[in-house]
Structures are given as structure tokens and as C-alpha cells.
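In case you want the letters, here they are:
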Amino acid sequence: QVQLVESGGGLVQAGGSLRLSCAASGGAVSRYTMGWFRQAIGKEREFVTAISRSGGNTYYAEYVKGRFTISRDNVKNTVYLQMNSLKPEDTAVYYCAAGILDYNYINRGRYNYWGQGTQVTVSS
């Protein structure tokens, strides 16, 4: 059983940056495709980005492409989300997820493990 713990959320002004971390325990994160999703109040949880097990392939939602970067350190069993040029519409709870999948990364149903989430608030 893999446990995921996100950290790094907070309050930032528009245009600012945050770096989220997702630390895994109970299993090697290298076995899993890792993803980040987010959920704003009153909205469905939506895909943000994913990274393949080796880290060689990354996938981004259009609304974060060019601003967010996902990376992973399999030695530290940690995945990161660097968020730059933040906008008020990026405000949400951000969730880390792990799954054994090689396609359809945007489908949250394909991820087996989830963290508890970390709040990101971007003020205008």
C-alpha cells in the first residue's frame, strides 16, 4: 500500500511561483506513473500533469502547459510540481496520485493511490 503526502501549498500572488512535493512511502514510486490533479470549489477534480515511471515522458493539460513542470526523483521517492506564472484560476486543492498505467493519463479512475491534497490559493 502506497501512501502519498503532498506539501508546499500556500497563498501566493498572481504571477508568483510555488513548488509542490509528493512524498511516497510504503512502496517504490518508481513502479508508478505519477500524476497531479486539482479540484477547485464546486468543480470536478481535473487532470493537471503526469510523468511516466522513468521520467522520460510528461503530459500536461493545456491550461498549465508552459507554466507548470512535473519531475520525479525515484531515489528520494518524491514527485514535484513546479508552478510558475500562477493565475487566480489555478486556485484549488492539488492532489498527487500514483497508478500503473501507460495511457489515458487524464483519467483519474486509472490511479490507484491518492494523497490528501494541499491547498494552493492565488490572489489577484
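Anyway, here's the lowdown on the structure attached to this text. (Residues numbered from 1 in each chain as written. Predicted model: local features only at pLDDT ≥ 70, side-chain atom pairs only at ≥ 80, totals over all residues. Heavy atoms only, no water.)

This part takes up the overall build of the protein. Counting secondary structure elements, the protein contains zero helices and 11 strands. The secondary structure elements of the protein, listed N-terminal to C-terminal, are β-β-β-β-β-β-β-β-β-β-β. By principal-axis analysis of the C-alpha atoms, the protein measures approximately 40 × 25 × 25 Å. Expressed as a percentage of the 124 residues in the protein, the buried residues total 44%. Taking as baseline every contact in the protein between residues at least 6 positions apart, the subset at least 24 positions apart corresponds to 58%. Within the protein, the 8 negative side-chain charges are centred at a point lying 4 Å from the centre of the 13 positive side-chain charges. (Helix = DSSP H or I, 4+ residues; strand = E, 2+ residues; numbered from the N terminus. Buried < 20%, exposed > 50% of the residue type's maximum accessible area, 1.4 Å probe, protein only. Contact = heavy atoms within 4.5 Å. Lys, Arg positive; Asp, Glu negative; His and termini not counted. Charge placed at Lys NZ, Arg CZ, Asp CG, Glu CD.)

Let's shift gears to the pairing of strand β9 (residues 92-99). In terms of residue burial, β9 counts as a mostly covered element, since seven of its eight residues are buried. Pairing analysis gives seven bridges linking strand β4 (residues 33-39) to β9, with the strands arranged antiparallel. From the neighbouring strand, W36 faces β9, where its bridge partner is C96. Of the strand pairs in this sheet, β9 and strand β11 (residues 118-123) are connected by three bridges, and their pairing is antiparallel. Across the sheet, A92 pairs through a bridge with V120, a residue of β11. When β9 meets strand β10 (residues 113-114), the two strands line up antiparallel, connected through two bridges. Bridging from a neighbouring strand, A97 pairs with W114 of β10. (Pairing = 2+ DSSP bridges.)

Okay, the pattern of salt bridges next. All told, the structure shown has six salt bridges when counted by the stated rule. Its salt-bridge partner being D90, residue R38 comes within 2.9 Å of it at the nearest N-O pair. One end of the pair, R38, is in strand β4; the other, D90, is in the loop between β8 (78-83) and β9, and 52 residues separate them in sequence. According to the relative accessible area criterion, D90 is buried, its value standing at 1%. The salt bridge partner of R108 is E44, with a shortest N-O separation of 3.0 Å. Taken as a pair, R108 in the loop between β9 and β10 and E44 in the loop between β4 and β5 (46-51) lie far apart in primary sequence, 64 residues in all. Judged by its relative accessible area of 58%, E44 falls in the exposed class. Through salt bridges with shared partners, a single network forms among R38, E46, R67 and D90. (Salt bridge = Lys/Arg side-chain N within 4 Å of Asp/Glu carboxyl O.)

Right, let's get into the sheet that holds strand β1 (residues 3-7). Here four strands make up an open sheet; going across it, the order is β1-β3-β8-β7 and the pairing antiparallel. A strand with exactly one partner marks an edge of an open sheet, and here the two such strands are β1 and β7 (68-73). The average undirected angle you get between the axes of adjacent strands in this sheet is 15 degrees. Pairing between β7 and β8: six bridges, direction antiparallel. Each residue of the ladder has a partner; that of S71, found in β8, is Y80. (Axes fitted to C-alpha atoms, helices over the stretch in contact; angles between N-to-C directions.)

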